[in-house]
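Chain by chain, the residues run as shown.
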Amino acid sequence: MSLIIPQKYKQKLLPETTEIAIKTIKEGFQTELAAALNLRRVTAPLFVLAGTGLNDDLNGVEKAVSFNIEAMDNKRAEVVHSLAKWKRAKLGAYDIAPGYGLYTDMNAIRTFEELDNLHSLYVDQWDWEKTITAADRNLDYLKATVAKIYNVVREIERRIYKQFPHITPVLPEKVTFIHSEELLKEYPDLSPREREAKAAKKYGAIFIIGIGNPLSNGEPHDGRAPDYDDWITENEDGYSGLNGDLIFWNTVLDAPFELSSMGIRVNPESLMRQLEQRGCTERASLNFHKALLAGELPLSIGGGIGQSRLCMFLLQKAHIGEVQASIWPEDQIAKCKAAGIDLL
């Protein structure tokens, strides 16, 4: 995604008032999310030891920020990409019962991101994970969970409107579920992002199921690491995947807007199948993967929800830098300033 400068953009909140609104969103959302999904807050790490398998590998090619720890014989530590696997290990450590889970504030540094309206070097999200049973590993459970999260977003959208009546709600009453293979069949000549744009604009809010497994054209809709989301198991609709992305239509940017990636997590069987498909079975020897394959970790569902992205969307901002303090290229700062976009 390249930088988008909306025509005749007008800030709906000044920077000082924006800070107040950000506080309203962050405090309200995490409280409502915890209540909706039966989650409790836990403290999370900024970095983990390399070689344990705990860090999120994203698409498998991104390099983590890392450093040596002098006090530990120069062992290598990595700044987390996300806490996708760490959370599941914590569920087991805390022996959290099915139907209950945890959430945390996740902060990360991703030096490889293309810096634009939605992407920055600094990543902040609510990472959450919930223990489930084998009977919960199905599409209905996934959809019900997504619907609960979506309802929380709409509740906070209503609160912002009540506090700032000139920021009118834009989200539809319900989120529309669609499988990535269905999108391909409907728009066979378009790229994945173009397909997302068509569907998101049509419905306003969509959850695209099945991110990671190759589609009928031989290509996945988007990349997913093989060791957290289950994207290979066949679901009740006859397609593969028990995961997906929550995407809104952003009326300010006139573009699709991904808020969350989530899914039912791999069990021992689907983990091995996904490792084999990606040609990385050597990961089975890492601590996290060995514990999972041995049945020592609970079955779970989880995901991440962008904090700054949620604020950006609900406050109808054009750039994530309007709600997040980070570093931006000088030419991008200049272009934004000329368009009335004040980056923090």
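Structural data are supplied above this passage.
Residues numbered from 1 in each chain as written. Predicted model: local features only at pLDDT ≥ 70, side-chain atom pairs only at ≥ 80, totals over all residues. Heavy atoms only, no water.

This brings us to the overall build of the chain. Of regular secondary structure, the chain possesses nine helices and 11 strands. Taken against the 2.2 N^0.38 rule, which gives 20 Å for 344 residues, the C-alpha radius of gyration of the chain at 20 Å falls within 12% of a compact globule. Across its three principal directions, the C-alpha atoms of the chain cover 55 × 55 × 40 Å. Burial status across the chain gives 52% buried among its 344 residues. Here the analysis covers contacts within the chain between residues at least 6 apart in sequence; of these, 73% occur between residues at least 24 apart. The average position of the 40 basic charges and that of the 48 acidic charges among the side chains of the chain differ by 4 Å. (Helix = DSSP H or I, 4+ residues; strand = E, 2+ residues; numbered from the N terminus. Rg over C-alpha atoms; globule rule 2.2 N^0.38 Å. Buried < 20%, exposed > 50% of the residue type's maximum accessible area, 1.4 Å probe, protein only. Contact = heavy atoms within 4.5 Å. Lys, Arg positive; Asp, Glu negative; His and termini not counted. Charge placed at Lys NZ, Arg CZ, Asp CG, Glu CD.)

The subject of this paragraph is the pairing of strand β11 (residues 300-306). The element β11 is largely enclosed, with a buried count of seven among its seven residues. Of the two faces of β11, the one holding Ser300, Gly302, Gly304 and Gly306 and the one holding Ile301, Gly303 and Ile305 are both buried throughout. Sheet analysis places strand β6 (residues 122-131) next to β11, joined by seven bridges and oriented antiparallel. If you follow Thr131 over to β11, its bridge partner there is Ser300. Where strand β10 (residues 255-264) and β11 come together, five bridges link them in antiparallel fashion. Bridged to Ile264 within β11 is Ile301. (Pairing = 2+ DSSP bridges.)

With that out of the way, let us pick up a negative patch on the surface. On the surface, Asp140, Glu182, Glu236 and Asp237 cluster together to form a negatively charged patch. In this structure, Asp237 sits in the loop between β8 (205-209) and β9 (243-250). (Patch = residues over 30% accessible without salt bridge, like charges linked within 9 Å, V, L, I, M, F, W, Y side chains within 5 Å. Areas by Shrake-Rupley, 256 points an atom, 1.4 Å probe, with all protein chains shown as cover. Salt bridge = Lys/Arg side-chain N within 4 Å of Asp/Glu carboxyl O.)

This part takes up the pairing of β9. Among the eight residues that make up β9, eight are buried, leaving the element largely enclosed by the rest of the structure. Both faces of β9 are covered, namely the face carrying Asn243, Asp245, Ile247 and Trp249 and the face carrying Gly244, Leu246, Phe248 and Asn250. Note that β8 and β9 share five bridges and pair antiparallel. Paired with Ala205 across the strands is Phe248, a residue of β9. Looking at chain direction, β9 and β10 are connected through eight bridges and run antiparallel. Note that in β10 the partner of Phe248 across the bridge is Phe257. Linkage of β9 to β10, two consecutive antiparallel strands, is achieved through a turn of four residues, within which Asp254 is found at a positive phi near 55°.

Take the sheet that holds strand β4 (residues 75-79) next. Reading across the sheet, the three strands line up as β2-β4-β3 and stay open at both edges, with antiparallel pairing between neighbours. Edge positions in the sheet fall to β2 (47-49) and β3 (66-69), since each has one partner strand and no second. Here the average twist between neighbouring strands, direction ignored, is 35°. One ladder, built from three bridges, connects β2 with β4; its direction is antiparallel. Paired with Leu49 across the strands is Ala77, a residue of β4. (Axes fitted to C-alpha atoms, helices over the stretch in contact; angles between N-to-C directions.)

Let us look at unusual backbone geometry. The phi angle at Asn38 is positive, at roughly 60°, despite the residue not being glycine. The residue Asn38 is located in the loop between α1 (15-37) and β1 (39-41) in this model. Overall, Asn38 belongs to the partly exposed group, its relative accessible area being 35%. In this structure, Gln316 is a non-glycine residue whose phi angle is positive, near 55°. Note on placement: Gln316 falls in the loop between α8 (307-314) and α9 (330-338). Gln316 gets classed as buried once you look at its relative accessible area, which sits at 9%.

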